[in-house]
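Single-letter residue listing:
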Amino acid sequence: MKVIIIGASISGLHTATLLAKQGIDVEVYDRMNALDGPSRTLIVTGKISEVLDPLPEEMVLNQVKYLELFSRSRSARLELSYPDLVVERRQLVEMFARMAKEAGARMILGHRFEGFSQFGRKVVVTLRDLQTNEAKQISTDILVGADGVQSAVSTAASRNGHPVTALAQARVALPESGERDAYRVWFDTNQTKYFYWLIPESDRVAAVGLIADDVPQAQARLAEFLRERHFEAIEFQSAVVPMHQFGSAEGTVDPGRHVFVVGDAAAQVKVTTVGGVVPGIYGAKALARAILDGRNYRKELGGLKMELHLHLLVRHVLNRFRDHDYDELIGMLDGELKEILQEWTRDELTQSLLRMIWAEPRLITLGAKVFLRSLF
Ligand SMILES: Cc1cc2nc3c(=O)[nH]c(=O)nc-3n(C[C@H](O)[C@H](O)[C@H](O)COP(=O)(O)OP(=O)(O)OC[C@H]3O[C@@H](n4cnc5c(N)ncnc54)[C@H](O)[C@@H]3O)c2cc1C
């Protein structure tokens, strides 16, 4: 069986490794000439180590054990049982590429996917060699779109794109008040319905950023935040990220089950924090199982879909929060609720959400109050 994967990044390369390890003929294409895509400081939960068994130490720029949350007039400090890991996207992609090559996958760079057509059980993929400008047609049994937020594979299958949101972040000198093993989150609903963050990369450098509706808005608010807090940017990073919706993350784009999407291309992103690395890896695992065992990808995605749906529900409530609601929420972070938040990672909402509500029933009252207020 031959599989063509478009997109040599985290979700595409992980799918390639899992398939090639089982003897599948895998080719990975990317429009980039080298695996040197934009640098990006990422923070992921320790869950990534479970999946990658474990994440090699040299990949980890920093481990953060404490999470500090700030609202207008309250704050809380959580001690995470499983530290979050700070990694650099480019290094991570290079590591995934090494793993895919060792497993036997072939990597062909400098080729842009331009379309596909189906002939019976075969998919004919059109790719353009960006060096010679020559178009090539290659036949395959399965086509995988791991080509990110503006997935051309998904578009070629007449799928509408996903709604997106924008992230902007700057690398700055870690402030004197900052600690290497603590990251900070500020809620300010006048500026963003998400939050601002400061993530230390090392003793000296941190990433400061926010999520907003579009890139210009995110960049403008970030610039203001940096000015107010006297941060000097070393480097800026920004891009759009897809937002998971009910009904997205389905992954299969043709009824014959020969064309699939994974990772950002399938909007496999937690919309509470806009994190897509760990969900994209879970998506890759589900897709590899489906291809290898002839199973239904949608069914294999069941657990991930449930997790992403819960994040979406929580995001719907948080989008309606005002500053005083965050004050109230942070005021509740004590006792059992705090312990649950410390114990379970944000990739485990299916396990932790009910526990949180059971431990702190005022969460329901707060959610209901916020929701009702938004109706009137
Ligand atoms: C500034 C920023 C910060 C972020 N921080 C975090 C974080 O802290 N934690 C977290 O979990 N997530 C974070 N994310 C989200 C995370 O980066 C993405 O969810 C993740 O990288 C998606 O990986 P992917 O492999 O699905 O797609 P991508 O990494 O987007 O890769 C898609 C690949 O497809 C290739 N491609 C696209 N179109 C074509 C085409 N037509 N032909 C050939 N190749 C093509 C591209 O060149 C690219 O290599 C952040 C995002 C941004 C923008």
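Just so we're clear, the structure is a prediction, and the values are computed from it rather than from any experiment.

Parameters at a glance
Residues numbered from 1 in each chain as written. Predicted model: local features only at pLDDT ≥ 70, side-chain atom pairs only at ≥ 80, totals over all residues. Heavy atoms only, no water. Salt bridge = Lys/Arg side-chain N within 4 Å of Asp/Glu carboxyl O. Helix = DSSP H or I, 4+ residues; strand = E, 2+ residues; numbered from the N terminus. Buried < 20%, exposed > 50% of the residue type's maximum accessible area, 1.4 Å probe, protein only. Pairing = 2+ DSSP bridges. Axes fitted to C-alpha atoms, helices over the stretch in contact; angles between N-to-C directions.

> Provide a residue-level description of the pattern of salt bridges, including the pertinent values.
As enumerated under the stated definition, the model contains 24 salt bridges in all. The salt bridge involving lysine 193 is made with aspartate 213; its shortest N-O contact spans 3.3 Å. Of this pair, lysine 193 sits in the loop between strand S12 (182-186) and strand S13 (196-200) while aspartate 213 sits in the loop between strand S14 (205-212) and helix H5 (215-228), and the two are 20 residues apart along the sequence. A relative accessible area of 33% places lysine 193 in the partly exposed class. The partly exposed category is assigned to aspartate 213, whose relative accessible area is 45%. Here aspartate 293 and arginine 295 are joined by a salt bridge, their closest N and O atoms 3.1 Å apart. Here the residues in one salt-bridge network are Lys2, Asp25, Glu27 and Arg106, joined through shared partners.

> Let's hear about the sheet that holds strand S9 (residues 134-140): which residues, and what values?
The strand order across the open sheet formed by three strands is S7-S8-S9, and the pairing between neighbours is antiparallel. Strands at the two margins of the open sheet, each flanked by one partner only, are strand S7 (111-119) and S9. Sheet twist, expressed as the mean angle between neighbouring strand axes with direction ignored, is 25°. Where strand S8 (residues 122-129) meets S9, seven bridges bridge the pair, whose relative direction is antiparallel. Considered in S9, the bridge of valine 124 is made with serine 139.

So far we have only geometry, and geometry alone does not tell us how the molecule works.
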